[in-house]
Amino acid sequence: MRCILVGVKTKNRSDKELKQSLSELEGLVEALNGVALGKIYQKRDIPDPATFIGKGKAKQLKEISEGVKADTLIFDVELSPIQITNIEKITDVQVMDRTDLILSIFSERAKTKQAKLQVELATLQHQLPRVYGQKGKALSRIGGGMKTKGAGEKLGEIKARRIKERISKIKKELEQIKKQRKQQRKWRSKDPSIIKVALVGYTNAGKSSLLHRLTKRETFISDQLFATLDTKTSYIMFPDVDKKVVITDTVGFVKDMPEEIMEAFMATLEEVEEADLILHVVDISDENWLEKLESVEKILRKIKVEDKPSIVVLNKIDKIIPSADLIDHSQEGMMTGNKESIIISTEKGWNVDKLMEKLKEFAVNLSPIGYN
């Protein structure tokens, strides 16, 4: 995929926010092994109903795409079906919006049955409003060359009905999986010696690496956005205090995650709701780490777990300082608004032992849910 990234600066969006968003979009492209050939942005207070960016800008994109041999235009905004269709007609290249891109990554990375079903559900929910917006080549492929308006409308209705039927079936399957997972969690909750911990954080913050460090479990680790999608669970034994800490990794978040994806992946967040303790992993080497911390906390408030005990794990300090001796622990709480915090490097192993001690201390002092 050779693409051009298109950003739109609206009146509610600062230059800094636009820059951050386009940078993240480039990371998403790289996660699909694509190449971002360049970034273009336009200032526009009111989106053009037909093309969002205006016909003149769309024609300019056509010229640029031809010049650099780009095959895809990726917009960092939500586009309507008719806007996508019109831009593709003018530019003669594939058009995707942010949600399309994230769904493509999810589709490629999903491994378990649950993750695959969740991705398919999110994709179908995203496609459904676009069915009647499909004109020309998209709809003619379905109809085998039929060109009458009436036939197109009927084909759209048939496709919409099939999508709705599949969505209904997937939801039933996911509900069954949900019941099975709930039963598994219920079984774990019966044992007061088991403490449940959930790892949360922005995508690529280092959650999978931390899970591996803490539990010695082999996990797929990559320096990419959404390197892993499936919920993973492992554990730490503290035999001297007769405690077992079960740690569950969750899917990483991105800012303004599309609603379809949030709904589809809410199942992975059930582990957070059931957790006794939340470890919020933050990539402190990222210049925008504070905004990303806020983005994750916003989601935690949405699922009403903001009052659960939590530790902010400020990870990747090795990218900022050359030695663990230079870590200033007095700054940990100040950096996070006096939240319980610890600075570590999962890569180098710095302070991971101190995090283990915090987990052990929590396990000893906690009366698990239902065991007061």
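How each quantity is defined
- Residues numbered from 1 in each chain as written.
- Predicted model: local features only at pLDDT ≥ 70, side-chain atom pairs only at ≥ 80, totals over all residues.
- Heavy atoms only, no water.
- Helix = DSSP H or I, 4+ residues; strand = E, 2+ residues; numbered from the N terminus.
- Polar contact = N/O pair within 3.5 Å; in protein donor to acceptor, adjacent residues only side chain to side chain.
- Contact = heavy atoms within 4.5 Å.
- Pairing = 2+ DSSP bridges.
- Right-handed = clockwise from strand over helix to strand, strands pointing away.
- Buried < 20%, exposed > 50% of the residue type's maximum accessible area, 1.4 Å probe, protein only.
- Axes fitted to C-alpha atoms, helices over the stretch in contact; angles between N-to-C directions.
- Salt bridge = Lys/Arg side-chain N within 4 Å of Asp/Glu carboxyl O.
- 1 Å grid on protein atoms, 1.4 Å probe; cavity = no way out; pocket = protein on both sides within 12 Å on 5 of 7 lines; lining within 4 Å.
- Points joined across faces, edges and corners; volume = space filled by probe spheres on them.
- Nonpolar A, V, L, I, M, F, W, Y, C, P; charged D, E, K, R; others polar.

Remarks on the side chain of Thr51
Assignment of secondary structure puts Thr51 in the loop between strand 2 (35-43) and helix 2 (55-68). Of note is the side chain of Thr51, whose polar atom sits 2.8 Å from the side chain of Asp48. Beyond its immediate sequence surroundings of up to four residues, Thr51 is in contact with Gln83, Asn86, Ile87 and Ile90.

Quick word on the pairing of strand 4 (residues 94-97)
Where strand 3 (residues 72-75) lies against strand 4, 4 bridges are found, and the strand directions are parallel. Directly across from Ile74, in strand 4, lies its bridge partner Met96. Once you follow strand 3 into helix 3 (residues 81-91) and on to strand 4, the crossover reads as right-handed.

Let's talk about the pairing of strand 8 (residues 277-283)
Most of strand 8 is tucked away, with 7 of its 7 residues classed as buried. Alternating positions in strand 8 separate into two faces, Leu277, Leu279, Val281 and Asp283 on one and Ile278, His280 and Val282 on the other, with burial throughout. Here strand 5 (residues 194-201) runs beside strand 8; their pairing, made up of 5 bridges, is parallel. Within strand 8, the residue paired with Gly201 across the bridge is Val281. With 6 bridges joining them, strand 8 and strand 9 (residues 310-315) adopt parallel strand pairing.

So, the sheet that holds strand 5
Adjacent strands of a sheet form backbone hydrogen bonds with each other and so pair up, either parallel or antiparallel. Ordered in space as 6-7-5-8-9-10, the 6 strands form an open sheet in which the pairing is mixed. Looking at strand neighbours, the two that pair on one side only are strand 6 (232-238) and strand 10 (341-343), the edges of this open sheet. Between one strand axis and the next, the sheet turns by 25° as a mean value, whatever way the strands run. Sheet topology places strand 9 next to strand 10; 3 bridges connect them, and they run parallel.

Describing the pattern of salt bridges
Counting across every chain of the model gives 16 salt bridges. In this structure, Arg13 and Asp76 form a salt bridge, with 2.9 Å as the shortest nitrogen-oxygen distance. Of the two residues, Arg13 sits in the loop between strand 1 (2-9) and helix 1 (15-31) while Asp76 sits in the loop between strand 3 and helix 3, which places them 63 residues apart along the sequence. Assessed through its relative accessible area of 17%, Arg13 is described here as buried. What makes Asp76 buried here is its relative accessible area of 4%. Connected through shared salt-bridge partners, Arg13, Glu24, Asp76 and Arg98 make up one network.

A few points about the environment of Asp325
Of note, Asp325 is situated in the loop between strand 9 and helix 12 (332-335). A sequence separation of 25 residues divides Asp325 from Trp350, and the C-alpha atoms of the two residues are 9.4 Å apart.

Side note on empty space enclosed by the protein
Counting across every chain of the model gives 2 cavities of 30 Å³ or more. Roughly 30 Å³ of internal volume is contained in the second largest cavity. In this structure, the second largest cavity is lined by Lys196, Val197, Ala198, Thr248, Glu271, Glu274 and Ala275. Looking at the lining of the second largest cavity, the element that brings in the most residues is strand 5, giving 3 residues. Its residues assigned to classes, the lining of the second largest cavity shows 3 nonpolar, 1 polar and 3 charged.

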